[in-house]
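Summary of the model geometry
So you can see what is in the structure, the chains are spelled out below.
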Amino acid sequence: MNEVEIYTDGACKGNPGPGGWGVLLKGGGTEKELFGGELGTTNNRMELLAVIRALEALKRPCQVALYLDSQYVLKGITEWLPGWKAKGWRTAAKQPVKNVDLWQVLDALVSQGGHKIDWRWVRGHTGDAGNERADALANLGVDQALGR
């Protein structure tokens, strides 16, 4: 199984506002960068989309070390997801899960992709080279969404 390091980040100028997502994939001695953006989105949606786009980019099952600075995505995927699904995509407070469309896509990618994912939280903006690059890519996604 190929080993891959993935760094993801999302950015939003205003929340909601124009946003971007960025991904740095490292494996087999090569690096690949991905980014994109959209108008009228939120930071949490961009954080989720970064992870989704990263996992979609993998062509075969991999051993993944996935670094992210989003507690929302980390806790969602590692803690909250089973409860949300058991409650019909409702929170403990019986409210609809926000960003359910993206959570369902991420859930399918994780459960059906055949990857072994080690979810690793990193504090954002503290000099971690991979996280800083993913952040820069996410900001390029914002620029792209704004047509710059």
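This text goes with the structure placed above it.
Residues numbered from 1 in each chain as written. Predicted model: local features only at pLDDT ≥ 70, side-chain atom pairs only at ≥ 80, totals over all residues. Heavy atoms only, no water.

Scanning the model with the defined rule gives seven salt bridges in all. Where Asp 107 meets Lys 85, a salt bridge forms, and the shortest distance between an N and an O atom there is 2.9 Å. Residue Asp 107 is located in helix H3 (residues 100–112), and its partner Lys 85 is located in helix H2 (residues 71–86); the two are separated by 22 residues in the primary sequence. For Asp 107, a relative accessible area of 13% translates into the label buried. Measuring nitrogen to oxygen at the nearest pair gives 2.7 Å for the salt bridge that ties Arg 120 to Asp 118. (Salt bridge = Lys/Arg side-chain N within 4 Å of Asp/Glu carboxyl O. Helix = DSSP H or I, 4+ residues; strand = E, 2+ residues; numbered from the N terminus. Buried < 20%, exposed > 50% of the residue type's maximum accessible area, 1.4 Å probe, protein only.)

Another aspect to go through is the sheet that holds strand S5 (residues 116–121). Strand order in the open sheet made by the five strands is S3-S2-S1-S4-S5, with mixed pairing throughout. Bordering the open sheet on either side are strand S3 (30–41) and S5, each of which pairs with just one other strand. Between one strand axis and the next, the sheet turns through 20° on average, direction left out of account. As paired elements, strand S1 (residues 2–12) and strand S2 (residues 17–27) share eight bridges and run antiparallel to each other. Pairing of Ala 11 across the sheet is with Gly 20, part of S2. Those strands touched by helix H4 (residues 129–145) are S1, S2 and S3, and its axis lies near 140° from that of S2. (Pairing = 2+ DSSP bridges. Axes fitted to C-alpha atoms, helices over the stretch in contact; angles between N-to-C directions. Contact = heavy atoms within 4.5 Å.)

Running from N to C, helix H1 (residues 43–56) and H3 point in directions that differ by 30°, and their axes come no closer than 10 Å. Judged by the inter-axis angle, H1 sits roughly parallel to H3. For H1 against H3, the interelement crossing comes out left-handed. Side by side, H1 and H3 meet where Arg 45, Leu 48, Leu 49, Val 51, Ile 52, Leu 55 and Glu 56 of the first sit next to Asp 101, Leu 102, Trp 103, Val 105, Leu 106, Leu 109 and Val 110 of the second. Among the residues forming the contact of H1 with H3, the class breakdown is eleven nonpolar, no polar and three charged. (Parallel < 35°, antiparallel > 145°, perpendicular 65-115°, else oblique. Left-handed = near helix turned anticlockwise from the far one by under 90°. Nonpolar A, V, L, I, M, F, W, Y, C, P; charged D, E, K, R; others polar.)

Honestly, it's all geometry; don't read function into it.
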